[in-house]
Amino acid sequence: QVRLVESGGGLVQPGGSLRLSCVPSGFIFSIDAMGWYRQAPGKQRELVAGITSGGSTNYVDSVKGRFTISRDNAKNTVYLQMNSLKPEDTAVYYCNVNGRRRWYDPTGDYWGQGTQVTVSS
């Protein structure tokens, strides 16, 4: 079973920064795209940022210029650097990985348990 372990969430003041990390806890044969989603109370989950195996990135408009997604393929780790945080960034942030658990498995989506990010003074 592959479980994604997230870290780095917390409480921060407006204008502050946080860095989220996500790594699989079990063996995973290969990873394609990786991404971060978030869900605020009463809202649908949305894609915040994604990164392909080749390093191409995409962001939701509301975080462009403030958030940066990156990955370390040697460590199977994906990061989300969040700067200039705003109260509207408050949400539970989920890591997502698309990959194969074993070489003969079809590609599938794996999710983390979520980490709370709260931006408040």
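Rules behind the numbers
Residues numbered from 1 in each chain as written. Predicted model: local features only at pLDDT ≥ 70, side-chain atom pairs only at ≥ 80, totals over all residues. Heavy atoms only, no water. Buried < 20%, exposed > 50% of the residue type's maximum accessible area, 1.4 Å probe, protein only. Helix = DSSP H or I, 4+ residues; strand = E, 2+ residues; numbered from the N terminus. Pairing = 2+ DSSP bridges. Core = buried A, V, L, I, M, F, W, Y, C linked by side-chain atoms within 4.5 Å. Contact = heavy atoms within 4.5 Å. Salt bridge = Lys/Arg side-chain N within 4 Å of Asp/Glu carboxyl O.

## What to know about the pairing of strand β7 (residues 67–72)
Every other side chain in a regular strand lies on the same face of the sheet, so the side chains alternate between the two faces. Only one face of β7 is buried, namely the one carrying Phe-67, Ile-69 and Arg-71, since none of Thr-68, Ser-70 and Asp-72 on the opposite face is buried. By the bridge criterion, six bridges tie β7 to strand β8 (residues 77–82) in an arrangement that is antiparallel. Following the sheet pairing, Arg-71 is matched in β8 by Val-78. Hairpin connection of β7 to β8: four residues between the antiparallel strands, including Asn-76 at a positive phi of 55 degrees.

## Remarks on the nonpolar core
By size, the foremost hydrophobic cluster in this structure holds 28 residues, and its most contacted members are Trp-36, Phe-67, Val-78, Leu-80, Met-82 and Tyr-93. For this core, the secondary-structure elements that each account for two or more residues are β3 (18–24), β4 (30–39), β5 (46–51), β7, β8, β9 (91–100) and β11 (115–119). Ranked by residue count, the leading element in this core is β9, at four residues. In this view, Tyr-93 contacts Glu-6, Leu-20, Trp-36, Tyr-37, Arg-38, Val-48, Phe-67, Leu-80, Met-82, Gly-114, Thr-115 and Val-117; residues no more than four positions away in its chain are not counted.

## Things to note about the environment of Gly-35
One can find Gly-35 in strand β4. Along the backbone, Gly-35 and Lys-64 are 29 residues apart, and their C-alpha atoms lie at a distance of 15 Å. Excluding anything up to four places from it in sequence, Gly-35 contacts Ala-49, Gly-50, Ile-69, Tyr-94, Cys-95 and Asn-96.

## Thoughts on the pairing of β11
Going residue by residue along β11, you find Thr-115, Val-117 and Val-119 tucked away on one face and Gln-116 and Thr-118 left uncovered on the opposite face. Inspection of the sheet shows strand β2 (residues 10–12) paired to β11 by three bridges, in the parallel sense. Directly across from Leu-11, in β11, lies its bridge partner Thr-118. Pairing of β9 with β11, which is carried by three bridges, proceeds in the antiparallel orientation. Paired with Val-92 across the strands is Gln-116, a residue of β11.

## Some words on the pattern of salt bridges
Enumeration according to the criterion identifies five salt bridges in this entry. In this structure, Asp-61 engages Lys-64 in a salt bridge whose closest nitrogen and oxygen atoms are separated by 2.9 Å. A salt bridge links Arg-102 to Asp-105; the shortest N-O distance between them is 2.9 Å. By relative accessible area, Arg-102 is classed as partly exposed at 33%. Residue class for Asp-105 comes out buried when judged on its relative accessible area of 14%. Each of Arg-38, Glu-46, Arg-66 and Asp-89 takes part in one network of salt bridges that share partners.

## Topic: the environment of Arg-101
Inspection of the secondary structure puts Arg-101 in the loop between β9 and β10 (108–111). Put simply, Arg-101 and Phe-29 are 72 residues apart on the chain and 5.1 Å apart in space, counted from C-alpha to C-alpha. Here Arg-101 is in contact with Gln-1, Val-2, Phe-27, Ile-28, Phe-29 and Tyr-110, once residues within four sequence places are set aside.

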